[in-house]
Amino acid sequence: MRCKNGSVACLIGVLLVCVVFCACNNNGSADSASDIRKRDNLTLVKYLKLVDEQYVLDISEEDAIKLGVSKESYRSACEDIVRENANILKIKEEGGNYSLEDPQEHMEDYKRAEEEYLKEFHGDL
C-alpha cells in the first residue's frame, strides 16, 4: 500500500511538529508512545515527496515496517497526508493562495532533528 492522495504545504509542518516536539509527562521524561511516533516520523519524512502538487509518502507499509516504523505511525502519517492534501485542494478550488514546498529540499533540517533525537534519547551511539 502506498499513501498517495491529495495536495499540501502544511504537511511538512505536520510531520515536523511530530518530529521536533515530543510530548512529555509531568516529570519531564519522554512518553514512550510519543517517542516511538517521533522516531517513526524521522524515518518517514525521508520518503515524503511532492508529486504533481500532491504530497506523497513514497514507501509501502511493508517497507516502512521493515525499517522499524510501527504500523500505527505509518497509517497515521498516511491519514495526515490525505487530510492535509484535501485541505490544500479545497483552498485551491476556492481560489486561495498557497505554496507547496518540496520536503526533499529540507533534508538537512530532518538530519539535524534526527541527530538531536539520537543524542537526547540514546546518548552517544
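Anything mentioned here points back to the structure above.
Residues numbered from 1 in each chain as written. Predicted model: local features only at pLDDT ≥ 70, side-chain atom pairs only at ≥ 80, totals over all residues. Heavy atoms only, no water.

### Some points on unusual backbone geometry
Peptide bonds are trans in most cases, and residues, glycine excluded, mostly fall at negative phi. Phi at Asp-52 is positive, roughly 50°, even though this residue is not glycine. Counting through the fold element by element, Asp-52 comes out in the loop between strand E2 (48-51) and strand E3 (54-57). A residue is classified by how much of its surface remains accessible, and Asp-52, at 72% relative accessible area, is exposed. Positive phi, close to 60°, is recorded for Glu-53, a residue that is not glycine. (Helix = DSSP H or I, 4+ residues; strand = E, 2+ residues; numbered from the N terminus. Buried < 20%, exposed > 50% of the residue type's maximum accessible area, 1.4 Å probe, protein only.)

### Observations concerning the side chain of Asp-40
Here Asp-40 lies in helix H2 (residues 32-44). Of the residues examined, Asp-40 reaches a relative accessible area of 0% and is grouped as buried. Apart from the residues within four sequence positions on either side, Asp-40 is in contact with Gly-68, Val-69, Ser-70 and Ser-73. (Contact = heavy atoms within 4.5 Å.)

### Here we look at the nonpolar core
Counting eleven residues, the largest nonpolar core is built from Leu-44, Leu-48, Tyr-55, Leu-57, Ile-59, Ala-64, Val-69, Tyr-74, Ala-77, Cys-78 and Ile-81. Elements represented by at least two residues in this core include exactly E3 and helix H4 (71-93). (Core = buried A, V, L, I, M, F, W, Y, C linked by side-chain atoms within 4.5 Å.)

### Looking at the packing of H2 against H4
Axis separation between H2 and H4 bottoms out at 10 Å; the angle between their running directions is 65°. As for the relative orientation of H2 and H4, their crossing is right-handed in sense. Mapping the contact onto sequence places Ile-36, Arg-37, Asp-40 and Leu-44 in H2 and Ser-73, Tyr-74, Ser-76, Ala-77 and Asp-80 in H4. The residue inventory of the contact of H2 with H4, partitioned by class, reads four nonpolar, two polar and three charged. (Axes fitted to C-alpha atoms, helices over the stretch in contact; angles between N-to-C directions. Left-handed = near helix turned anticlockwise from the far one by under 90°. Nonpolar A, V, L, I, M, F, W, Y, C, P; charged D, E, K, R; others polar.)

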